[in-house]
Each structure stands twice: as structure tokens, then as C-alpha cells.
Amino acid sequence: MTLVEADRRGRGLAGLAGTTPGVLGGFALVLILVALLAGALTGLGVQSRVQAVDDLAARTGPLSVAAEQIYRSLSDADATATGAFLSGGLEPTATRRRYEADIAQASGTLAVAVAARDPGDVTASGSTLATLSEQLPVYAGLVETARADNQQGLPLGAAYQREASTLMRTRLLPAAQDLYRTETGQVTDDQDGAGSFPILELLLGLAVLGLLVAAQITLYRRTNRVFNVGLLGATAAALVALLWVMVAGIAVMGDISASQRDGSAQVDTLAAARIATLAARSDETLTLVARGAGQAYQTDYTQVDKHLGDLLAKAGTQATDDKVRAKIDAARSDHAAWTAAHAKLRKADDSGDYGGAVTVAIGTGTDSAATAFDKLDGDLRDAIDQTRAAFNQKVADAGGALNGVVVVVAVLSVLTAAGAGAGIWRRLRDYR
Amino acid sequence: MKRALVVLAAALTLSGCASVSTTVIPTVPAQEPLPGNASVGAAPPAAAAEQCTDPVASLRPPNPLPAPGQMPAGSTMAKIAQRGRLIVGVDQNTFHMGFRDPATGQIQGFDIDMARAVAQALLGDPNAVQLKVLTSDQRIPALQNGDVDIVVRTMTITCDRLKQVGFSAVYYDAKQRILVKQNSTIDGPAALGGKKVCATKGSTSLAAVAALPAKPVPVSVSDWTDCLVMLQQGQVDAVSTDDVILAGMAAQDQYTKVVGAPLADEPYGMAIPLQNQDFVRFVNGVLQNVESNGTWTASYQRWLGSLLPGATPAPPTPQYRD
């Protein structure tokens, strides 16, 4: 095809389509558009990973901690308030302080959990956060009424405490457990979002590279020129961008899967164990408070205690860190000590020695159920803290791997577009 | 694919396609807390009241009563003596009858005194008792399962119950009445139409409330103090049960009063597993002693004298069928 022919073929886009300048011009246009679009989409894709990692670090991760904290505080508050009815006479100051601390922690953390949500989540009917916010003051009111009656020496106090406990066990704790499940579900979602294979980025990068290669082959066929500096530059920029995104994406995949293995998966098991610990302690206390009418609580204790043993064993096999393993070993031996104390307590109660049973249950001796329970709870708290630190570290690593990737993608996609445009422009000028 | 959608949504958001929505603040209704196991409007199965002649006549005690440590071989008492303690089903919620004193953590009251008198006569030690707390509806199953030797828990002798358990002679005569708030207009059973009236599950009081011609709405709970909680919280309009239990409630809340004529007689007996007739006779002997030697009167004055109006009554006269 010669210049004259091209000229003769004439005017208009339709006529231009089959000509070399037409083809090249079209290519330039498509390349620039695709490079910029792919850059924008890749940037958004990377940005959504950055967002998920940020969420894990600043939002869903801490909120799952908050949800666990709310459950623990509420459950401990109820076990403490109920336990105060086991011993006669003046409520020990330590018991009162513990209850107050639990309620303060629960309501403070609840405020954090509520603030982190959109208003619509809280106003939805049956929302767990609404239930918690509405019922916690009711619960606290009942406990204070119980206390006031108790201080006047009226058995009515125990009835208010039972009503409070019923509210806790039938509404507040199920809502808190629901909240915890939702929040850990969000963590898993964010981990999936941040740690999936960067398939979209790969396909977009390959599409740009494919177009660039096609452009260079067309250019070679039409103009017999092997190398075009602009297109080569564009190809290099696209390649670098793709490699950069892929390396960062795969590094994030590794970090996120480590954040699951070394962090959240273990936290889930340990938190479930801690919840079981608290439930078993409530059952143990309520069995004694019911004084013989508590068979249902004892049956529940047996089930929860077995589940607790299974969870501790599972946590032991999941542990990837020696310090955590040591804490879980300590938890298992404290659990065994507690089980022994519980057996002693039940034996005393069943043989008519109620006072002896109460001493084992709430005494401060080294072999009391209270001591073993507190130690077990402390072991689990430490183990959870350590695995959470591992989780945070891995999420921070993932965040580091994604640092600046969006800027790099943006700059390189502009370079790709500019290179492609400039390269083809040079050839087009030959046709003037 | 999910991530592709997220990216697309992000792109749309950036291009300004997101719609604006407002948050409607809902009106939040208060939800009143309920005692565990409370149920409103659930009337007990209307059992056709069994008829029997003279339910309060019990078995004649042996004369003389065997002394502690000398129970007849093979008797129920001998088995209890072997164990060394009497297992008693009691209440920890009925003020001054059977209640847990918050100051000491001990269960005490008129019923507990009576149970200790049985332990004293059987084992020579009033403290050789193991108290097991039972709710009203757990009393008969606990006796039938052999979980307790005896139930001393404001339990009314009825013909229905006599088919399931044995009863001692009457040790206290109660009357079912009505407890309302100080400012209530309810003045008797006839004024209870459509009102919520509380009683415990498995009690004769609940059956009597459900059977009232004025048709109140029965509300049932586990323990008597749960009724007082619900009355204080305005969830029920009245509590109806035996005068002695109501007096214990009124003593805990000075803004309540007991009203109306008695609805029914409620003779209290100690319940014992049906097959242990020897133990019924023994307990009747103990009651005879307790009533004649002043123990009954002393216990009445200690616990109930301040709650119930009038002079200390004479102990009930025991009746025997043979």
C-alpha cells in the first residue's frame, strides 16, 4: 500500500479503518484506553485489598476482640453477682469491685462496638447490639435491687438475682455470642478479601501486555520496523506493574494465611474455650445457689466441661508458638485441678455438707474451684493475647507488602499509556 | 468473582452512583424482664378434683415412740439412722416458713424447725438434716424418686396428692387469701376478673385461682418470691396463696396488703413416700410430742407470731384413720 493509495481511499473513518494509519491510530487509542482502564481497575483491586487489610488491623480485628470482651465481662459479672449469694452476710468488697469492673468493661466496650457500626445495623429489628444496649441497664438495675433487698435481710433479694440471671442467660449472653460470631465472620471475610489470589490483577496485566505485543507485531508487519522504543517502554512498564502487583499480592496471601494459622484460627478456639470456662463456672455456682434444685445446671456443667476439655486439646494441636503452647499446657493442668475441685465440691454437697461445698466453690485456698477457675481464665487470656499479637503482626506485614503499590500501579499505567501513544505516534507521523 | 464485584462497586461509588439513604430512629419498646419459667395465662390442667373421705386423717403413731438409736430393724427410720442424716425437701423462698437468711446463708423458719424436730427424735440431733431446696412442682417427683426422705414445705394435704404420697397429720392450718398492692382496688376473689394473679407451678393455689368463677388470668412461676417480684414490677395484679406465705411477702414489702375472705382451707402436712407408712406413723408421733411439749408454740411465736395477727393459736388437733 502506498501513500497515494491511502490518500485515494479517502476520507472518513470507514475509509480509514483498513489503512495502516487507521489501524495504528486505532491501536494507539485502544492501547491508551486499555492501559489507563486496566491501571485504574488494578489500582482499585489493590485498593480493596489495602482496605481489607486496614479493616483487619483497625476495625474487624479489634471489634472481634471487643465482642469477646463483652461476652466475657457479662458472663463474669453474672457469675460474680450470683456467687455473692452463696456466702451469707456482708458481700466481700473484692466481689463487688469485680462486678463493677465487669459492668464498666462491658458497657464501655459495647459503646465501641456500637460506634463502629452503621446506624442501620443497630436500628434493625432484633439487632444484637440493640438488645445488648437495651437490656444491660435492665440487668444492672435488677442486680442492684437484689443487693438492696439482700442488705435488708430479705429473701426477696435472691429472687431478683434469679430474674437478673435469667435475663443474662436468655437474652444478653446469646446476643453477645451472636455479636462475637458476626464479628469473627467479618474477620474471615476481610481475610478472604485481602488474601485471595490476585486473579483480576493478573488478567488485566496480561490483557495489556497481550495488546502491546499485538501492537508491536502489527507494527512490524505494516512498517517492517522491529523495535519501537515507545512500545518497548510501555511493555516494560506494564510488565513491571504486573510483576509488582503479583509479588505484593502473593506476599499478602502468605501473610494473611499466616494471620489465620498463627492468629485468628487459634484465637477462635481459645475464645470458645474461655466462653465455655465462664459458662461452666456459672453452672457450678448456680447449682449451689439452687441448693438441690439445680440438677439442670449440673447436667449443663457436665456437657460444657467436656466441650471445654475438647477445645483445650484442639488449641494445643493448633498452637504454633512455644509461649502459647506453654500457656495452653498450663490451662489444661488448671482445668484438671478445677475438675478435681468440682468433684470434691459435688461430693460434699451431695453428702449433705453444703458449707464444705461452698468453701470449695468460692474459697481462696489453692485447691478451691475459684482459684483454679481464675487461673484457667488467666491462662486463656494470656494465650489469646499472644495469638492476637501474632495476628496483628501478620496483618501489619500484609499492610507493609501493599505499601505504595497503588501509586506504582498508577504511575506505571500512565507510563504504559504514554509509551504506547508516543511510540505509535512516531510511526503515524511517517504517513503525513 | 466477589472481589470483581467489590471493585465494580468501588468504581461506581467513585463515579457517584451511590444513593443517599437516611436512618430512621425506631421507637424502642421496653421489654420487661420475667422470672425464669414464668408463664402467663397457662392454667394448670383442670384435674377433676378427687373426692375422698377425710383426707387429713393420717396413720396412728406407735406407742411408745422408739427412742433415737433404737429404731425397729428394717424400718424406714433404721435406714435413715444408718445414713446418719435426714434428707428433707424444703423451700428457701418463703419468708419465716422456709427461707434462706441472707445474713447467715442458713435456711430456717417454721417448716425447718418442724423438720429438725423429726431429726432430733430420729437421730438425737436436730442438725442431722440435709436440706434440699425444692420448687412446688418438684415435691412429689422428689419423693417418688427417693431423692428426699420427707418434704416439709408448706404442702397442702389433698385427695389428689394422697394417691401419690403419704401425709403426716396436719401440723399447720393455713387459708388461701389474696395479696395486692396497698393502693389496689381489689378487695376479694370476686374483684379478680381479668386480673393477672400469680401462684407457683404445681401448687394448690394455682389450681384454686384458675378455678375462680371471676376468671382471673393465672400467672405461674417457680418460687413464691418470684410472685412478689412480679407484683412489685407491676407485672401481676395480685398474688393468691396461703395466708402464712402471703404474710411473709407482706413483711418484705410494706406497700402490700392481704385482702378478702379465705378462698380455701389449706391444711399442711409433711409428705413422705407412699410406701413408707412406718415413717408416717413415726412422724405423727413426733408431731404429737412437738405439739404437746410446747416446741410447736415456741416455733410459731418465733417465726409467725410477728407476721400473723391475733394470739398464738393452739396446735392443730391430729386426726387418725386407724
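The name given to chain B in an unreviewed UniProt entry is Polar amino acid transport system substrate-binding protein, with the source organism recorded as Kutzneria buriramensis. On record in UniProt, under Sequence similarities (unreviewed entry), the comment for chain B is "Belongs to the bacterial solute-binding protein 3 family."

Within an unreviewed UniProt entry, the label attached to chain A reads Secreted protein, and the organism entered is Kutzneria buriramensis.

*Asks:* I'd like to hear about the UniProt feature "transmembrane region" (unreviewed entry) in chain A, residue by residue, with values.
*Replies:* Residues and elements named next belong to chain A. Those residues carrying the UniProt feature "transmembrane region" (unreviewed entry) are residues 12-38, 199-219, 231-254 and 401-425 in this numbering. A helix fraction of 100% and a strand fraction of 0% characterise residues 231-254, whose end C-alpha atoms lie 34 Å from each other. In residues 401-425, helix accounts for 88% and strand for 0%; the two terminal C-alpha atoms are 37 Å from one another.

*Asks:* Break down the sheet that holds strand β13 (residues 256-268) of chain B for me, with residues and values.
*Replies:* Residue and element names in this part refer to chain B. One open sheet accounts for six strands, arranged β1-β11-β10-β12-β9-β13; its pairing is mixed. Every other strand in the sheet has two partners, leaving β1 (39-40) and β13 as the edge strands with one partner each. In the sheet, strand β9 (residues 172-181) pairs with β13 via nine bridges, with the strands oriented antiparallel. Directly across from Y172, in β13, lies its bridge partner Y268.

*Asks:* Explain the sheet that holds strand β3 (residues 93-94) of chain B to me, using residue names and the numbers behind them.
*Replies:* Residue and element names in this part refer to chain B. On the basis of which strands lie adjacent, the open sheet formed by three strands has the order β3-β4-β5 and antiparallel pairing. Each of the sheet's edge strands pairs with one partner strand only, and the pair in question is β3 and β5 (107-108). Pairing geometry for β3 and strand β4 (residues 98-100), over two bridges, is antiparallel. Pairing of T94 across the sheet is with G98, part of β4.

*Asks:* Please set out a nonpolar patch on the surface residue by residue, giving values where relevant.
*Replies:* Residue and element names in this part refer to chain A. Nonpolar side chains collect at one region of the surface, where F197, I199, L203 and I250 lie side by side and expose about 370 Å² of accessible area between them. Here L203 is to be found in helix α9 (residues 199-223). Taking the relative accessible area as the measure of exposure, L203 reaches 52% and is therefore exposed.

*Asks:* Please provide a residue-by-residue account of the pairing of strand β10 (residues 196-200) of chain B, values included.
*Replies:* Residues and elements named next belong to chain B. For β10, the tally of buried residues reaches four of five residues, placing the bulk of the element in the interior. With five bridges connecting them, β10 and strand β11 (residues 217-221) associate as parallel partners. If you follow T200 over to β11, its bridge partner there is V221. Crossover handedness for the path β10 to helix α6 (residues 204-210) to β11: right-handed. As paired elements, β10 and strand β12 (residues 238-242) share two bridges and run parallel to each other. Bridge pairing in β12 places V197 opposite A238.

Each value, and the rule that gives it
- Residues numbered from 1 in each chain as written.
- Chains lettered and ligands numbered in written order.
- Predicted model: local features only at pLDDT ≥ 70, side-chain atom pairs only at ≥ 80, totals over all residues.
- Heavy atoms only, no water.
- UniProt positions renumbered as here; feature names shortened; annotations may be inferred.
- Helix = DSSP H or I, 4+ residues; strand = E, 2+ residues; numbered from the N terminus.
- Pairing = 2+ DSSP bridges.
- Patch = residues over 30% accessible without salt bridge, like charges linked within 9 Å, V, L, I, M, F, W, Y side chains within 5 Å.
- Areas by Shrake-Rupley, 256 points an atom, 1.4 Å probe, with all protein chains shown as cover.
- Salt bridge = Lys/Arg side-chain N within 4 Å of Asp/Glu carboxyl O.
- Buried < 20%, exposed > 50% of the residue type's maximum accessible area, 1.4 Å probe, protein only.
- Right-handed = clockwise from strand over helix to strand, strands pointing away.

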